[in-house]
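Descriptive analysis of the structure
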Amino acid sequence: MLLPRKLLPWRRPTQGAQALAGRLLRSSSSLSDTDDDPPFTRIPKRPPRAPSTPPPPKPKAVAGKIRPDEPAHSDLPFDFRYSYSETDPAWRPIGFREPTRFSPFGPGRLDRPWDGVAAARDGSGDGEGGERSREEVLGEPLSEKEVAELVERYRHSDCSRQINLGKGGVTHNMLDDIHNHWKRAEAVRIKCLGVPTLDMDNICFHLEDKTGGKIIYRNINILILYRGRNYDPKQRPSIPLMLWKPLAPIYPRLVQNVAEGLTFEETKELRNRGLNSPPLTKLRFGSLCSHII
């Protein structure tokens, strides 16, 4: 309900109210001036900065180069092969599956040329000097008590100093792994698996010959390789790593299609005669097992 206008008369402002309104108007006019703005301060203009010189470029790591400035050199007195225990130097291949100019050590990274099978040494080293240095590194033979302590420390399956030897046998990069373990441990545990376990004597020979250590424990396929009393990690031999596994070359067949001294027709006739001839005896599995037992 609206009341009559005459019942709500506006009161006239008093003299004090008029004075207050005048002061507010004067203050608002003073705030409108941009030069006297109390909440903000004017930032003085600064002269432009001189162009800064760019920082010098960081030198690139030498390890990232594909071809280093100088090829690596190693004084090890043997030819570098992918596998030392599974290949015989006397076997000469009859062909290659990749060009021989592609060295698995990388282009220009090794001063030994790659012939498709091995990187032969230059011949300047002396094998006898290497044997004398090996004896110096090994030092005096270990006592039975020292051998027992090392065997008890490294023979268990939870040993952290372990290297698995697979179907490749004693490979070239495995030599570097052994020396890396010898930095912080006196011995390393080697677990042999696969086909190389058929000839463990060959495995033991190449491990001692290529690393300079000594096998102090051998049980079936478990070996413990000792580094020696006078071994110094700072004087370890330089072992350049193979960057990839080279393709195996082509070797002649073990069983020839034609026997030596015979023609192909004569060999075929003798083979068919042997296949069609009646057997001299038949062996059964049960009788064979009884004879073995």
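Residues numbered from 1 in each chain as written. Predicted model: local features only at pLDDT ≥ 70, side-chain atom pairs only at ≥ 80, totals over all residues. Heavy atoms only, no water.

**Side note on the nonpolar core**
Applicable threshold: Joining through side-chain atoms within 4.5 Å is the link that ties buried Ala, Val, Leu, Ile, Met, Phe, Trp, Tyr and Cys residues into a set, and such a set is a nonpolar core. For each residue, the accessible area found with a 1.4 Å probe, counting protein chains only, is set against the maximum for its type, and the residue is called buried under 20%, exposed over 50%, and partly exposed in between. Per the convention used, a helix needs a DSSP run of H or I reaching at least four residues, while a strand needs a run of E reaching at least two, with both numbered from the N terminus. Contacts between residues were defined by any pair of non-hydrogen atoms, one from each residue, lying within 4.5 Å.
In terms of nonpolar packing, the biggest core is built from 28 residues, with Phe80, Ile178, Ile190 and Leu223 touching the most fellow members. When residues of this core are traced back to their parent elements, those giving at least two are β3 (162-165), α4 (172-181), β4 (187-192), α5 (200-211) and β6 (222-226). Considering each element in turn, this core owes the most residues, four residues, to α5. Residues in contact with Ile178, not counting those within four places in the same chain, are Ile163, Val188, Ile190, Leu207, Thr211 and Leu225. Membership of the second largest hydrophobic core comes to nine residues, among which are Val151, Cys159, Ala185 and Ile216.

**Observations regarding the sheet that holds β6**
As a reminder, the rule being used: When DSSP locates at least two bridges between a pair of strands, those strands are taken to pair. Lines fitted to C-alpha atoms define the axes here, with helix axes fitted over just the stretch in contact, and angles between the N-to-C directions of these axes take values from 0 to 180 degrees.
Taken in spatial order, the four strands make up an open sheet running β3-β4-β6-β5, and their pairing is mixed. The sheet is open, and its two edges are formed by β3 and β5 (214-219), each paired on a single side. With direction set aside, neighbouring strand axes in the sheet form an average angle of 25 degrees.

**Things to note about the pairing of β3**
Regular strands place side chains that alternate from one sheet face to the opposite one. Condition: Look down the strands so they point away from you; if going from the first strand over the helix to the second traces a clockwise path, that crossover is right-handed.
Burial along β3 is one-sided: Ile163 and Leu165 are buried, while Gln162 and Asn164, pointing the other way, are not. Inspection of the sheet shows β3 paired to β4 by four bridges, in the parallel sense. Note on β4: the bridge partner recorded for Asn164 is Lys191. For the handedness criterion, the β-α-β arrangement of β3, α4 and β4 is classed as right-handed.

Keep in mind these numbers describe shape, not what the thing actually does.
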